[in-house]
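Coordinate inspection notes
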Amino acid sequence: METRIGFGYDSHVFKPGVQLHLGGLKLEHPQGLAGHSDGDVLLHAVTDALLGAVAAGDIGKFFPPSDPRWKNADSAVFLGKAVDVLQHSGYRIVNIDTTLILAAPKIGPISDQMRARLADLLGLGTDQISIKAKTPEGLNLDNVAQCHAVALIERVIEPEELKSMSAGIEDQSHIEDVVDDLLSSIHDAPKKRVAPVYDTDDIT
Ligand code: MG
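Just so it is clear, the structure is predicted and the values come from calculations on it, not from any experiment.

Below, the discussion takes up the overall build of the chain. The helix and strand tally for the chain stands at six helices and seven strands. Listed by position from the N terminus, the elements making up the chain come as β-β-β-β-α-α-α-β-α-β-β-α-α. Every one of the 204 residues in the chain was classed for burial, and the buried ones make up 46%. In the chain, of all internal contacts separated by at least 6 residues, the share reaching a separation of at least 24 is 71%. Accessible surface computed for the chain: about 10,200 Å², of which carbon and sulfur atoms make up 51%.

Written as structure tokens, this is what we have:
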């Protein structure tokens, strides 16, 4: 079975009076993370790890900060796109490991909740998601949240199979439906499990 890994990193500065979004959760905290989107540094790092694993580019390629559509966007949309790209390349996620680096809030007490949320967004089990956290000792970066993420993926559809599935099908959306059908049988789950994050209400 072919496996690949991807790595992602992101950082955002804390800003008073902004809702803190972290790991797909809205957290009670005096400061949030500044950014064009909701500033969820963990979801951004995981998105980049997934896109990197299939050499598809990075989050900025799919969602340029210059595009007003992504102003205050729910970062679950970015993550959903990365999962889509990965699945349509014929892969599934084996596991994801992350390390947050931030002075506050404390992640330990909420890490399981965060893992559950990420597992839900990715259609995985919580045992496939790891969230660790450190304080930025000696970095003089208490006003910044950083996150590192790695993702291991494995091929579930061979390239020839992907090609033959699309052979003779001219309509791209039809190709995606065919791939979705196959993926839903492999992943033993309803089609487009991440579809709710595409609700346009989420990105306005
Ligand atoms: Mg970011």
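Attention now moves to the coordination of the magnesium ion. Octahedral six-donor coordination of a metal ideally yields angles of 90 or 180 degrees, compared with 109.5 degrees for tetrahedral four-donor coordination. Taken together, Asp10 (OD), His12 (NE2) and His44 (ND1) make up the full set of protein donors to the magnesium ion, lying 2.0 to 2.2 Å away. Sequence spacing of the donors to the magnesium ion: D-x1-H-x31-H. For the pair shown, Asp10 and His12 are each scored as buried.

In the sheet, strand S5 (residues 91-101) pairs with strand S7 (residues 144-155) via 10 bridges, with the strands oriented antiparallel. Paired with Tyr91 across the bridge in S7 is Arg155. Relative to strand S6 (residues 129-134), S5 is paired through six bridges, and the arrangement is parallel. Following the sheet pairing, Leu100 is matched in S6 by Ala133.

Right, let's get into the pattern of salt bridges. Pairing between side chains becomes possible if they bear opposite charge and their charged atoms approach one another. Per the counting criterion, the structure on display carries six salt bridges. Across the pair Asp97 and Lys132 runs a salt bridge, and its minimum N-O distance is 2.8 Å. Remark: Lys132 occurs in strand S6 and Asp97 occurs in strand S5; sequence separation between them is 35 residues. Judged by relative accessible area, which is 27%, Asp97 ranks as partly exposed. Its relative accessible area of 35% is what places Lys132 among the partly exposed residues. Its salt-bridge partner being Arg115, residue Asp112 comes within 3.1 Å of it at the nearest N-O pair.

Attention now moves to helix H1 (residues 41-53). Taking 1.5 Å of rise per residue, 13 residues should cover 18 Å, and H1 covers 18 Å from first to last C-alpha, within 8% of that figure. Among the 13 residues that make up H1, 12 are buried, leaving the element largely enclosed by the rest of the structure. Just beyond H1, the residue with positive phi is Ala55, at close to 50°.

What counts, and where the lines are drawn
Residues numbered from 1 in each chain as written. Predicted model: local features only at pLDDT ≥ 70, side-chain atom pairs only at ≥ 80, totals over all residues. Heavy atoms only, no water. Helix = DSSP H or I, 4+ residues; strand = E, 2+ residues; numbered from the N terminus. Buried < 20%, exposed > 50% of the residue type's maximum accessible area, 1.4 Å probe, protein only. Contact = heavy atoms within 4.5 Å. Areas by Shrake-Rupley, 256 points an atom, 1.4 Å probe, with all protein chains shown as cover. Donors = N, O, S within 2.8 Å, 3.2 Å for Na, K, Ca; no water. Pairing = 2+ DSSP bridges. Salt bridge = Lys/Arg side-chain N within 4 Å of Asp/Glu carboxyl O. Expected span 1.5 Å × (residues − 1).

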